[in-house]
Amino acid sequence: MKMTQMEKKQLMIFIFVAYGVTYVLGILMWAFYGTGADLSVFPNAQMLYPAAGVMLAYLVTKKGDRNLPKGLFVFFILLTAVLMVCSILSVFMPRTMQSGETEVSAWLMIVQVLLILGSVIFWILLLAAGNERRAVYGLKGKNWKTSFLCILLFFVLYSIRMGISSAVSGQLGAFGAVWADPSTWIYLFSMILNFFLVVAAFFGEEYGWRYYLQPIMQKRFGLRGGVLLLGVVWGLWHLPIDFFYYTTPDMGLAACVSQQITCIFIGIFLAYVYMKTENIWVPVVVHFMNNNLIPMFAGDYSAEVLQGQAIYWSDLLPALVLNLVIFGWFLFLKPFRKGGTK
């Protein structure tokens, strides 16, 4: 389907913000990595860029639309800009502060506080936008029974994947110990509250990828092909943090391939639940769970659990097979068939 001039303009603005800003700041990450600079602020800010790109595109091209939630969109873009500036300042003006017995980046603490305050204001502006505006711009929650079941399904599948992975690596006992540990259940309960306090970051990705870009990719490349290609471009968006945050540059290529596996197969599930429920908040919650269940199963609740991982080429084939088995089959369910939405 051919895009209109307005749609092309929207897409160019989205790409400029989501990828342009990410890669320019990625150069900054590369430049300062060798100095030992703390780069932990960058991935926190990066999560907001996709949604900010969509919102800026709409503000530029739909000025006369009375349903445009301008207040919400302007605030989110400003929040994104502030976090982007904090990322830059964190390497040019590094500051540390004491947290318990360790020193942490003061800029990271500032960004986390800003994300919490920003998420609270985000909820207020979202409610203030009204039901009609939320519906027009894909912000309205609906089909909550099916939505809850999809979220529960992801938790079960994620746990199965971790259980299989633990069994293969000979650590099934450690996997069982996770469920026997009372702190696990406390953590799971705390995740519910935490979601509302950090929602801006996960909405920042999903409003860009699933709400905006997924329909465009599917119209151009088909229901299945569009989602698979979306997984690829989503994975490439992670490039800077794959090399300079999640792992080290010497493992960067393996990390990029690992990221592709994750984004393609988690992307299939995220696309499925979004098409199934037509509720953007389901992929937002699932994305939040995908990131925040890692500390629980890793037994490491520190902020550094995702940083500086060791990723080897030998890990990739098992990861591919496991993700294919757990999430790949969703690509053949009804929402991905021509004309099927449920």
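All of the points below concern the structure found in this document. (Residues numbered from 1 in each chain as written. Predicted model: local features only at pLDDT ≥ 70, side-chain atom pairs only at ≥ 80, totals over all residues. Heavy atoms only, no water.)

**Considering the overall build of the chain**
As a reminder, the rule being used: A run of DSSP states H or I qualifies as a helix once it reaches four residues; a run of E qualifies as a strand once it reaches two. Both are numbered from the N-terminal end. Accessibility here uses a 1.4 Å probe with only protein chains present; expressed as a share of the type maximum, an area under 20% marks a residue as buried, one over 50% as exposed, and anything in between as partly exposed. Whether two residues are in contact is decided by their heavy atoms, any of which lying within 4.5 Å being enough. Here the Shrake-Rupley method, with its probe set to 1.4 Å, supplies the accessible areas, and only the displayed protein chains count as covering residues. Lys and Arg are tallied as positive, Asp and Glu as negative. Neither His nor the chain termini are counted. The atoms used to mark charge sites are NZ of Lys, CZ of Arg, CG of Asp and CD of Glu.
In terms of helices and strands, the chain carries 15 helices and two strands. With respect to the principal axes defined by its C-alpha atoms, the chain has extents near 55 × 50 × 35 Å. Within the span of the chain, comprising 342 residues, buried residues form 50% of the whole. Intrachain contacts of the chain at a sequence separation of at least 6 include 81% that bridge at least 24 residues. Per element, the accessible surface of the chain, about 16,200 Å² overall, is 70% carbon and sulfur. The average position of the 23 basic charges and that of the 15 acidic charges among the side chains of the chain differ by 22 Å.

**With respect to the packing of aromatic side chains**
Defined as follows: Between 30 and 60 degrees the pair is tilted, below 30 it is stacked and above 60 it is edge-to-face, where a pair is any two Phe, Tyr or Trp rings, Trp via its six-membered ring, whose centres lie within 6.5 Å. In this scheme, Lys NZ or Arg CZ marks a charge over a ring once it lies within 6 Å of the ring centre and within 35 degrees of the ring normal.
Going through the model one piece at a time under the given rule, you end up with 42 aromatic pairs. Taken together, a centroid distance of 5.4 Å and an interplanar angle of 65° make the contact between Tyr58 and Tyr137 edge-to-face. Placement of Tyr58 in helix H3 (residues 49-61) and of Tyr137 in the loop between helix H6 (131-136) and helix H7 (144-168) is noted, with a sequence separation of 79 residues between them. Residue Tyr58 is classed as buried on the basis of its relative accessible area of 7%. Ring geometry for Trp179 versus Phe297: centroids 5.7 Å apart, planes at 75°, classification edge-to-face. Within this pair, whereas Trp179 is found in helix H8 (residues 172-180), its partner Phe297 is found in helix H14 (residues 294-298), the two being separated by 118 residues in sequence. Taking the relative accessible area as the measure of exposure, Trp179 reaches 24% and is therefore partly exposed. The positively charged end of Arg220 is found above the aromatic ring belonging to Phe221, 5.1 Å away from the centroid.

**Re the side chain of Asp242**
Inclusion rule: Criterion for a salt bridge: a side-chain nitrogen of Lys or Arg within 4 Å of a carboxyl oxygen of Asp or Glu.
Looking at the secondary structure, you find Asp242 in helix H11 (residues 239-246). No salt bridge is formed by the buried Asp242; its nearest oppositely charged neighbour, Arg161, is found at 14 Å. Among all residues touching Asp242, those that are not within four sequence positions of it are Gly235, Thr247, Gly252, Ala255, Cys256 and Gln259.

**Here's the deal with the packing of helix H12 (residues 252-277) against helix H15 (residues 316-327)**
Note the following rule: Helix axes are fitted only over the stretch in contact, all axes being lines through C-alpha atoms; the angle between N-to-C directions runs from 0 to 180 degrees. By definition in this entry, angles of less than 35 degrees are roughly parallel, angles greater than 145 are roughly antiparallel, angles of 65 to 115 are roughly perpendicular, and the rest are oblique.
Viewed as axis vectors pointing N to C, H12 and H15 meet at an angle of 5°, and their least axial separation amounts to 9 Å. Our classification of the angle between H12 and H15 gives roughly parallel. Within the contact between the two elements, H12 uses Ala254, Val257, Ser258, Ile261, Phe265, Ile266, Ile268 and Phe269 and H15 uses Leu316, Ala319, Leu320, Asn323, Leu324 and Phe327.

**Notes on the pattern of salt bridges**
The final tally for this structure, using the stated rule, is three salt bridges. Taking the shortest distance from any N to any O, the salt bridge between Glu132 and Arg66 comes out at 3.0 Å. Of the two residues, Glu132 is situated in helix H6 and Arg66 in the loop between H3 and helix H4 (70-92); the sequence distance between them amounts to 66 residues. Residue class for Arg66 comes out exposed when judged on its relative accessible area of 58%. Between Lys142 and Glu278 there is a salt bridge, and its shortest N-O distance comes to 3.8 Å. Here Glu278 lies in the loop between H12 and helix H13 (281-292) and Lys142 lies in the loop between H6 and H7, a separation of 136 residues in the sequence.

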